[in-house]
Amino acid sequence: MTDLHSYPPHDQWHDWHENDAASWPEKVDRNYALVPTTCFNCEAACGLVAYIDKTTGKIEKFEGNPEHPASRGRNCAKGPATLNQVYDPERVMYPMKRVGERGGGKWERISWETALDEIGTRIRKAILDDRKDEIIYHVGRPGEDGYTERVLKAWGVDGHNSHTNICSSNARIGYQSWMGHDRPSSDFANAEVIFLISAHLEAGHYFNPHAQRIIEAQSKGATVICVDPRLSNTGSKADHWLPAWPGTEPFLLLSIARLLIESGMWQRDFVRRWTNWETYLHKMRPDLPCEFESMEQAWLDEYAEYTPERAEHVCGVPAEQIREIAEIIGSHPTKFASHNWRAAGAGNLGGWQTARCLFFLNVLTASVATKGGTSGNGWNKFKPAAPKGAPPLEGWNELSWPREYPLAYHEMSILLPHFLAEGRGRIDTYFSRVYNPIWTNPDGFSWMEALRDPSKVECHVALTPTWSETSWFADYVLPMGVGAERHDVASFETHAGRWIGFRQPVFRRYAELEGQDVGAASRTHEYNPGEVWEENEFWIDLSWRIDPEG
């Protein structure tokens, strides 16, 4: 009798046999080499294993990697869908250069050498002419930890730009204002109360490992509370679904906080030791004695309007349900795991207060950096130190960091096309990297106008696996690898534990397993489909073109 396995035993990965499911009831043996990598379809970097048919050399499927400490072999649909990306008949396979007017849709295939020489020459000239601010790298989802930022810094260019200002910046600053970390890391597995605002994190992008641990905790008795105007997948699995009106989440949270304070179900010793209550009393309530016993009265006065009845009127959540939620939260000190990212934070004016008010409940319940509580992301993220850094930058690029927004928490890339239209600067070389602002940003037509005008953007280089609305207005479209075709290291706060994931190009690794000499002189595009490359090697070779003397 054949032993049953949930996953192929690790010692058989390089020579794994199984029957072809599509050939049933006939038994057809398939012989695979299993090569691990990590998913690139969201930030979580879950583990994947590519099944490469040893007869054809083709990837037949992707499954979860049971050795991965965060995803543990359990992946959402986006991981196996990497197969569709690798063999997508419409993906970009070779370096392409525009022919005719920008946006005209005419292209010619060029070599990587030509692309590197032409792009590197113009960047070199811009740097030597002291036009470093005319070089911009605009990234959507990085999928790696800091390599490209090091490259730009080595060039002496403050050119890194991101999509974060239309994504998660509001939530980040809410957390940053509390603890110096701009994301939470929740120990859902050991929590007794799990409080989630907005659903997509746990039900889709970006942490499938969250969802696993939330359901496991719920099965052990944890109470799951979801605040979301939609009856989402997360809301449907929650013990309490609170469909608050969009934008009213901070009011709801402060009404819960007031109930905790009013009932005495807050953790005085933690607040006394770990918060700057003296500064608060000195600045806000100089009329009260500057002693900890004054805090309760000061808070009750501060939040007098945040009653459950008023919250019901403002938020649409019944007052009695709010009281019940506060009772549950207060009854489980140190075991309150919470999370908020986009939606409530990004979609509303003042949305940054959502994360700020949510973490207030963690403070009141002493659920900060505890087993079953919520930590800063830096506690559960491992980012290896670079072996050698680059000199510090001497200034910032005002196209990304305008002086009139000195408190901006991330680059103000949303304003870039408007600044160009105002004549505040121009761009010599603009890299869009797996990012589609014409489609993604709320003012997509302003990006189209800028990218169509060579006097504003002289050269646009799109680094992308696929065609998009934005890459259509590029001068060079350079094919970059998906999760199975590139090297990266990535680590994220998927659970209460530190780990690092290593993404590798599986075709290159398979060639090595088959005895081919895969040395430092070879390049990944020699093994990937077509001439699909990876950014890390591209940046290395481009840097040599920019500075051939080293």
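Structure: see above.
It should be emphasised that the depicted structure is a prediction, and the values quoted were computed from it without experimental measurement.

Next up on the list: the pattern of salt bridges. Tallied over the full model, the rule gives 47 salt bridges. Linking R98 and D475 is a salt bridge whose minimum nitrogen-to-oxygen distance equals 2.6 Å. Residue R98 is located in strand β5 (residues 96–98), and its partner D475 is located in the loop between β16 (457–464) and β17 (476–479); the two are separated by 377 residues in the primary sequence. The partner of R323 in a salt bridge is E309, and the shortest N-O contact between them spans 2.6 Å. Residue R323 is located in helix α13 (residues 319–330), and its partner E309 is located in helix α12 (residues 308–315); the two are separated by 14 residues in the primary sequence. In this structure R323 comes out as partly exposed when scored by relative accessible area, which is 30%. Residue classification places E309 among the partly exposed residues on the basis of a relative accessible area of 43%. Here the residues in one salt-bridge network are R122, K125, D129, R131, E134, R426, D428 and E458, joined through shared partners.

Attention now goes to the sheet that holds strand β1 (residues 16–19). Reading across from one edge, β1-β2-β3-β4 is the order of the 4 strands in this open sheet, with antiparallel pairing throughout. If you trace the sheet from one side to the other, it starts and ends with β1 and β4 (59–64), each paired once. Each adjacent strand pair in this sheet contributes to an overall mean axis angle of 40°, direction not counted. Of the strand pairs in this sheet, strand β3 (residues 47–53) and β4 are connected by 5 bridges, and their pairing is antiparallel. Across the sheet, V49 pairs through a bridge with E63, a residue of β4. The strands touched by helix α18 (residues 506–513) are β2 (29–38), β3 and β4; relative to β2, the strand with the most contacts, the crossing angle is about 125°.

As for its position among the elements, H410 is in the loop between β14 (374–376) and α15 (416–421). Separated by 3.1 Å, the side chains of H410 and S169 make a polar contact. Excluding its chain neighbours within four sequence positions, the residues that come into contact with H410 are T164, S169, R172 and W401.

Taken N-terminus to C-terminus, the directions of helix α4 (residues 169–179) and helix α14 (residues 352–364) make an angle of 40°; their axes are 7 Å apart at the nearest point. Seen from above, α4 lies across α14 with right-handed handedness. Every residue of α14 that contacts α4 at N170, A171, I173, G174, Y175, S177, W178 and M179 is listed here: W352, A355, R356, L358, F359, F360 and V363. Taken together, the residues that form the contact of α4 with α14 break down as 11 nonpolar, 3 polar and 1 charged.

The next thing to look at is the nonpolar core. Core analysis: the largest hydrophobic core is formed by 51 residues, its most contacted members being F195, L252, I256, W299, I329, L361 and L364. Here this core takes 9 residues from helix α8 (residues 249–263), the largest share from any one element. Setting aside residues no more than four positions away along its own chain, L361 makes contact with L253, I256, A257, L260, I329 and F336.

Looking now at helix α19 (residues 535–546). Across its 12 residues, α19 extends 16 Å between first and last C-alpha, which sits within 8% of the 16 Å expected from 1.5 Å per residue. Considered for burial, the residues of α19 that qualify are E535, N536, E537, F538, W539, D541, L542 and I546.

So, on to the packing of α8 against α13. It is the contact of α8 with α13, at a shortest axis distance of 9 Å, that shows an interaxial angle of 60°. The angle between α8 and α13 places the two elements in the oblique class. When you trace α8 past α13, the crossing you get is right-handed. Contacts from L252, S255, I256, L259 and L260 of α8 reach α13 at I322, R323, I325, A326, I329 and G330. By residue class, the composition of the contact of α8 with α13 is 8 nonpolar, 2 polar and 1 charged.

Counted under the stated rule, the structure contains 22 aromatic pairs. Plain terms: the ring middles of F195 and F336 are 6.0 Å apart, the flat faces sit at 50° to each other, and that makes the pair tilted. Taken together, the positions of F195 in strand β10 (residues 193–197) and F336 in strand β13 (residues 336–340) put the pair 141 residues apart, joining distant regions of the chain. With centroids separated by 6.3 Å and ring planes inclined at 75°, the aromatic side chains of W533 and F538 adopt a geometry described as edge-to-face. Here W533 and F538 have matching classes, each one buried. Three or more aromatic residues joined by ring pairs make a cluster, and in this case those are Y175, W178, F251, W266, W277, F292, W299, Y303, Y306, F359 and F360. Above the ring of Y94, the side-chain terminus of R109 is found at 3.6 Å from the ring centroid.

Procedures and definitions
Residues numbered from 1 in each chain as written. Predicted model: local features only at pLDDT ≥ 70, side-chain atom pairs only at ≥ 80, totals over all residues. Heavy atoms only, no water. Salt bridge = Lys/Arg side-chain N within 4 Å of Asp/Glu carboxyl O. Helix = DSSP H or I, 4+ residues; strand = E, 2+ residues; numbered from the N terminus. Buried < 20%, exposed > 50% of the residue type's maximum accessible area, 1.4 Å probe, protein only. Pairing = 2+ DSSP bridges. Axes fitted to C-alpha atoms, helices over the stretch in contact; angles between N-to-C directions. Contact = heavy atoms within 4.5 Å. Polar contact = N/O pair within 3.5 Å; in protein donor to acceptor, adjacent residues only side chain to side chain. Left-handed = near helix turned anticlockwise from the far one by under 90°. Nonpolar A, V, L, I, M, F, W, Y, C, P; charged D, E, K, R; others polar. Core = buried A, V, L, I, M, F, W, Y, C linked by side-chain atoms within 4.5 Å. Expected span 1.5 Å × (residues − 1). Parallel < 35°, antiparallel > 145°, perpendicular 65-115°, else oblique. Phe/Tyr/Trp six-rings, centres within 6.5 Å; stacked < 30°, edge-to-face > 60°. Lys NZ or Arg CZ within 6 Å of the ring centre and 35° of its normal.

Purely geometric stuff here, so don't read any function into it on its own.
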